[in-house]
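# Residue-level structure breakdown
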Amino acid sequence: MGRLLGALLAAWLMVTPAAAAGWALALHGGAGTLERGGYAPGEEAAIREALADALEKGRAILASGGTAVDAVEAVVVALEASPHFNAGVGAALTSAGTAELDAAIMDGATRRAAAVTGVMTTESPIRLARRLMETGPHVFLAGPAADGFARAHGLAQVPNSHFITPARRRMLEELQKGGAAAFDIRLRFGTVGAVARDRAGNLAAATSTGGLTGKAPGRIGDTPVIGAGTVAENGACAVSATGSGEIFIRARAAGQICDRIRFGGQTAQAAADAVIADIGALGGDGGVIVVDALGQVSFALNAPGMYRAAVTEGTAPVVKIFADE
Ligand code: ASP
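Since we're looking at a predicted model, the values are computed, not measured.

## Focus: the nonpolar core
Leu-27, Leu-79, Phe-85, Ile-105, Val-116, Ile-126 and Leu-128 are the most contacted members of the largest nonpolar core, which has 53 residues in total. Top contributing element to this core by residue count: helix H3 (residues 68-81), with eight residues. Each residue touching Val-116, except ones within four places of it in the same chain, is listed here: Leu-101, Asp-102, Ala-103, Pro-125, Leu-128, Ala-129, Leu-132, Phe-140, Leu-141, Ala-146 and Pro-224. Ala-232, Cys-237, Ala-241 and Ala-253 belong to the second-largest nonpolar core, a separate cluster that totals 37 residues.

## Focus on the site of the ligand
Taken together, 13 residues lie around the ligand, and Thr-191, Arg-219, Asp-222, Thr-242 and Gly-243 are the ones closest in. Arg-219 is positioned with one of its side-chain polar atoms (N or O) 2.8 Å from an oxygen atom of the ligand. Gly-243 is positioned such that a nitrogen or oxygen atom in its backbone is 2.7 Å from a nitrogen atom of the ligand. When the ligand sits alone it has 270 Å² of accessible area, and the protein chains cover 100% of it. Among the cavities detected, the one that contains the ligand is the largest cavity. Among the residues forming the shell around the ligand, the class breakdown is two nonpolar, nine polar and two charged.

## Describing the sheet that holds strand S3 (residues 112-119)
Here eight strands make up an open sheet; going across it, the order is S4-S3-S2-S6-S5-S1-S11-S12 and the pairing mixed. At either end of the open sheet lies a strand with only one pairing partner, and these are strand S4 (140-142) and strand S12 (318-322). Shown here is a sheet whose adjacent strand axes are inclined to one another by a mean of 10 degrees, direction ignored. One ladder, built from six bridges, connects strand S5 (residues 192-197) with strand S6 (residues 203-209); its direction is antiparallel. Residue pairing across strands places Val-192 opposite Ser-208, the latter belonging to S6. Most of the contacts of H3 go to S5, to which it runs at about 160 degrees, and overall it touches strand S1 (24-32), strand S2 (101-107), S5 and S6. Helix-sheet contacts for helix H4 (residues 125-135) involve S2, S3, S4 and S6, and the interaxial angle to S3 is about 140 degrees.

## Looking at a nonpolar patch on the surface
On the surface, a nonpolar cluster with roughly 310 Å² of combined accessible area is contributed by Val-139, Phe-140, Ile-220 and Ile-226. Within the secondary structure, Ile-226 sits in the loop between S6 and strand S7 (230-233). Among the residues examined, Ile-226 registers a relative accessible area of 32% and is labelled partly exposed.

## Thoughts on the packing of aromatic side chains
For the coordinates displayed, the defined rule picks out one aromatic pair. Look at Phe-85 and Tyr-307: their rings are 5.8 Å apart centre to centre, the planes differ by 80 degrees, and that puts the pair in the edge-to-face class. One end of the pair, Phe-85, is in the loop between H3 and S2; the other, Tyr-307, is in strand S11 (residues 305-312), and 222 residues separate them in sequence. The ring of Phe-299 has Arg-308 sitting right over it, with the charged end atom 6.0 Å from the ring centre.

## Quick word on the packing of H4 against helix H5 (residues 143-152)
Close contact between H4 and H5 brings their axes to 10 Å; oriented N to C, the two are set at 75 degrees. Viewed along their axes, H4 and H5 adopt a mutual orientation that is roughly perpendicular. From H4, Leu-128, Arg-131, Leu-132 and Thr-135 reach across to H5, where they touch Ala-146, Phe-149 and Ala-150. Residue composition of the contact of H4 with H5, by class: five nonpolar, one polar and one charged.

## Notes on the pairing of S5
Burial analysis of S5 places six of its six residues in the buried class, which makes it a mostly covered element. Side chains Val-192, Ala-194 and Ala-196 of S5 all project onto a buried face; the interleaved residues Gly-193, Val-195 and Arg-197 project onto the opposite face, where all are buried too. Bridge count for S1 against S5 is five bridges, and the pairing is antiparallel. Residue pairing for S5: Ala-26 is matched across the bridge by Val-195. Here S5 folds back onto S6, and the loop between the two strands holds five residues, one of which, Gly-201, carries a positive phi near 90 degrees.

## Quick look at unusual backbone geometry
If a residue is not glycine, its phi is most likely negative; likewise, a peptide bond is most likely trans. Following Gly-136, the chain continues into Pro-137 via a peptide bond in cis, with omega recorded as -5 degrees. By the secondary structure assignment, Pro-137 is in the loop between H4 and S4. Residue Arg-111 is not a glycine yet carries a positive backbone phi of 55 degrees. Its place among the elements puts Arg-111 in the loop between S2 and S3. Residue classification places Arg-111 among the exposed positions, given a relative accessible area of 57%.

## A short note on the side chain of Ser-244
By the element assignment, Ser-244 lies in the loop between strand S8 (237-243) and helix H8 (245-250). Among the polar contacts listed, one links the side chain of Ser-244 to the backbone nitrogen of Asp-285, at a separation of 2.7 Å.

## A look at the environment of Thr-94
The topology assignment puts Thr-94 in the loop between H3 and S2. In sequence terms Thr-94 and Leu-172 are 78 residues apart; their C-alpha atoms lie 8.0 Å from each other. Other than its neighbours up to four places away in sequence, Thr-94 contacts Glu-100, Leu-172, Gly-214, Lys-215 and Pro-217. Polar contacts involving the side chain of Thr-94 include one to the side chain of Thr-98, which spans 2.7 Å.

Criteria and thresholds
Along each chain, numbering runs from 1 in the same order as the chain's sequence is written. Reporting of local features is limited, given that this is a predicted model, to residues whose pLDDT is at least 70; pairs of side-chain atoms are given and counted only at 80 or more, and all residues count toward the totals for whole chains, interfaces and linings. By convention in this description, side-chain values take in all heavy atoms of the structure and omit both hydrogens and water. Buried Ala, Val, Leu, Ile, Met, Phe, Trp, Tyr and Cys residues form a nonpolar core when they are joined through side-chain atoms within 4.5 Å. Note on exposure labels: buried denotes an accessible area under 20% of the residue type's maximum, exposed denotes more than 50%, and partly exposed covers the range between, all computed with a 1.4 Å probe on protein chains only. Comment: elements are numbered from the N terminus, with helices defined as DSSP H or I runs of at least four residues and strands as E runs of at least two. Contacts are assigned to residue pairs that have any heavy atoms within 4.5 Å of one another. Throughout, near means a residue has at least one heavy atom within 4 Å of the molecule or strand. Here a polar contact is taken to be a pair of N or O atoms separated by no more than 3.5 Å, where protein atoms must pair a possible hydrogen donor with a possible acceptor and residues adjacent in sequence count only if both atoms sit in side chains. In this description, accessible areas are obtained by the Shrake-Rupley approach with a 1.4 Å probe, and a residue is regarded as covered only by the protein chains that are shown. Of the grid points, spaced at 1 Å and generated over the protein atoms alone, those admitting a 1.4 Å probe that cannot get out make up cavities, while open sets with protein on both sides within 12 Å along at least five of seven lines make up pockets; any residue with an atom within 4 Å of a point is treated as lining. Assignment to a cavity or pocket requires that more than half of a molecule's atoms be within 2 Å of the site's grid points. By the convention adopted, Pro, Cys, Tyr, Trp, Phe, Met, Ile, Leu, Val and Ala count as nonpolar, Lys, Arg, Asp and Glu as charged, and the other residues, Gly among them, as polar. In this description, strands pair whenever DSSP reports at least two bridges between them. Note on definitions: angles span 0 to 180 degrees between N-to-C directions of axes, and those axes are lines fitted to C-alpha atoms, for helices only across the stretch in contact. Residues enter patches when they are more than 30% accessible in relative terms and free of salt bridges; like-charged ones are connected within 9 Å and nonpolar ones (Val, Leu, Ile, Met, Phe, Trp, Tyr) within 5 Å. The working definition used for a salt bridge is a side-chain nitrogen of Lys or Arg within 4 Å of a carboxyl oxygen of Asp or Glu. Any Phe, Tyr or Trp ring, taking Trp's six-membered ring, that has another such ring centre within 6.5 Å forms a pair; planes under 30 degrees apart are called stacked, those over 60 apart edge-to-face, and the others tilted. Two limits define a charge over a ring: the Lys NZ or Arg CZ must be within 6 Å of the ring centre, and within 35 degrees of the ring normal. Each angle is binned into one of four classes, with values under 35 degrees roughly parallel, values over 145 roughly antiparallel, values of 65 to 115 roughly perpendicular, and all other values oblique.

Below, the structure is given as structure tokens:
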């Protein structure tokens, strides 16, 4: 009898908070050298507004009972369309001056996932990843095959120049001139991502990027690598990362956070902090956003700033840029 009661209590403790927890949503727009005063007039306000608008897209879906997968896709579609971020329009450029886009999405309920890399003509790489996840059978498509899949599925196509902004051209030129600012420019990331928990308790993550300014054509970062830049597993967490992609791959960053929670019993915040410390120890910079099984939102970063925002059922939206906000 005592054992039965104990088992029931344990089941109640595990299930009740999750069932009682509401929806939650967090997004990032990249981490890097985002220092106070380093913006053109009006730029900081415009970025905060773009983050708030994208958050609202996902909030509306979750608040009306929509799924976490739909919410993270909608947030990332909005951020890809904004020239302020390094994804879609405004993507960082390769050393050849082209935009090569990476994206990934994962559904924590089913652990279905899909990723695309080297996308050059598909207007929304995250929509492409979502379509691949729904259609299968493959999980990862590269280059012309990814764009070809998008075309075959009727997803909007654009010339590569659609993604290229004057600001990104300037950044590439400065980097290639090798001026003193070159290293800082490299650190101005801008990748976008979102994580969510819906009312049904399902988790999802999505990330989209142009990668690093001056990257070699064909280079693949952590964003589309499931378990490095993007992961979602019900019962553990959903993670989207931004930062030095090579290091995030080597640290298995997103998966390591979920494993620390699932197998190590750590809180999401402790797990995120530990993995960012690991990234730092390997010489990397960046940040992560995490939502856990109960809808708790955590952020961790080791850069001066990370564009980020969050909203949960019953709390007001928050938008932040600097590490000390
Ligand atoms: N992590 C991305 C990459 O390495 C860059 C970023 O976060 O801005 O491709």
